[in-house]
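# Summary of structural features
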Amino acid sequence: MTAAAASDRRVLLAAPRGYCAGVDRAVIAVEEALKQYGAPVYVRHEIVHNKYVVKMLERKGAVFVERTEEVPPGNIVMFSAHGVAPEVHEEAQRGQLATIDATCPLVTKVHKEAVRFAGEDYDILLIGHEGHEEVIGTTGEAPEHITLVDGPDDVDKVEVRDPEKIVWLSQTTLSVDETMETVDRLKERFPSLISPPSDDICYATQNRQVAVKMIGEDSDLVIVVGSQNSSNSKRLVEVALGAGAKASYLVDEAAEIDEAWLEGVGTVGVTSGASVPEVLVDGVLEYLAARGWGDVDVVQPVQESITFSLPKELRRDLRAEAAAALADGA
């Protein structure tokens, strides 16, 4: 395969890309908690699915744990942007911990929908990926009412009590196209299936997929910056390929790019998942520019202006609350 002529080389940079409002809120919440209360601040699970961000916060004093029981009594624990089940809040109370809930407000919306529909005795078909933290948290709100549907191929396995009283909800970070394919398949089986009051797939996930479709159709190669455990980043690779990109790869940083990917390539598309800081995208652009892809065109189908306020717990003296909880349990 021969190298593309220098005059044919360009980069299509997707916008919006990178941090969404929920991720920005969660990362700032950890940083603010460390400033206000000092280290350590424990975080249950990775605050967001990005290796660079997790390591950066660890250097500042955050301690990431997988189970609430790993946090010593009398400390502060923060719940990640992906949300947790009610039982996790109960674990924290039993463990005499002060808590900060950094769950993305859009994930909280899905939790509330699950609680409401379960309260009305609906069967809830939750479209999402088995084992994902967000799915675990949402399912925990109403485990007796929720059935996981992991893509279109799962539809034929679904069993419900009353086909006239079912509703679908979804994980917020899925592929829009695949989710709607699953919904269409479900409606073929269950014509009375109710949709949620608003789309569960978050605005940021949708916007990033729209942008990557636009660059994908004109790109020989699309590089998506994001971690392997990031659902929305992996979906961007799939969407790019579906839009017509000849190849697409997910990388955490520029050092993971294989130069062989660039052989014969004229147009390179670049985007990043919703938990990726812009410094990592800058590194990819610098890598490409050093190899002749310095002409960058921004493709921006939509503007984003949404922001979320920080968790309310950051307005309280949580160290004092944790000490009080420890004293009460002594």
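Described below are features of the structure shown in this document. (Residues numbered from 1 in each chain as written. Predicted model: local features only at pLDDT ≥ 70, side-chain atom pairs only at ≥ 80, totals over all residues. Heavy atoms only, no water.)

### A closer look at the nonpolar core
- The biggest cluster of nonpolar side chains holds 36 residues, and the ones touching the most others in it are Val 30, Ile 47, Val 48, Leu 57, Met 78 and Ile 100.
- With 9 residues, the top contributor of residues to this core is helix H1 (residues 21-37).
- Membership of the second largest hydrophobic core comes to 22 residues, among which are Ile 223, Val 251, Val 268 and Val 276. (Core = buried A, V, L, I, M, F, W, Y, C linked by side-chain atoms within 4.5 Å. Buried < 20%, exposed > 50% of the residue type's maximum accessible area, 1.4 Å probe, protein only. Helix = DSSP H or I, 4+ residues; strand = E, 2+ residues; numbered from the N terminus.)

### Some details on the pairing of strand S5 (residues 98-101)
- Here S5 shows a buried face lined by Ala 98 and Ile 100 and an unburied face lined by Thr 99 and Asp 101.
- Looking at chain direction, strand S4 (residues 76-79) and S5 are connected through 4 bridges and run parallel. Bridge pairing in S5 links Met 78 to Ile 100.
- The parallel pair S4 and S5, bridged by helix H3 (residues 86-94), forms a crossover whose chirality is right-handed. (Pairing = 2+ DSSP bridges. Right-handed = clockwise from strand over helix to strand, strands pointing away.)

### Digging into the sheet that holds strand S10 (residues 247-251)
- Read across the sheet, 5 strands follow the order S10-S9-S11-S1-S12 without closing on themselves; strand pairing throughout is parallel. In this open sheet, the two edge strands, each paired with only one partner strand, are S10 and strand S12 (296-299). Along the sheet, successive strands turn relative to each other by an average axial angle of 20°, direction set aside.
- Bridging between strand S1 (residues 10-14) and strand S11 (residues 267-272) involves 4 bridges; their strand directions are parallel. Looking at the pairing, Arg 10 lines up with Thr 267 of S11.
- Of the strands in this sheet, strand S9 (221-225), S10 and S11 are in contact with helix H8 (residues 231-243), which crosses S10 at around 170°. (Axes fitted to C-alpha atoms, helices over the stretch in contact; angles between N-to-C directions. Contact = heavy atoms within 4.5 Å.)

Geometric values such as these leave the question of function open.
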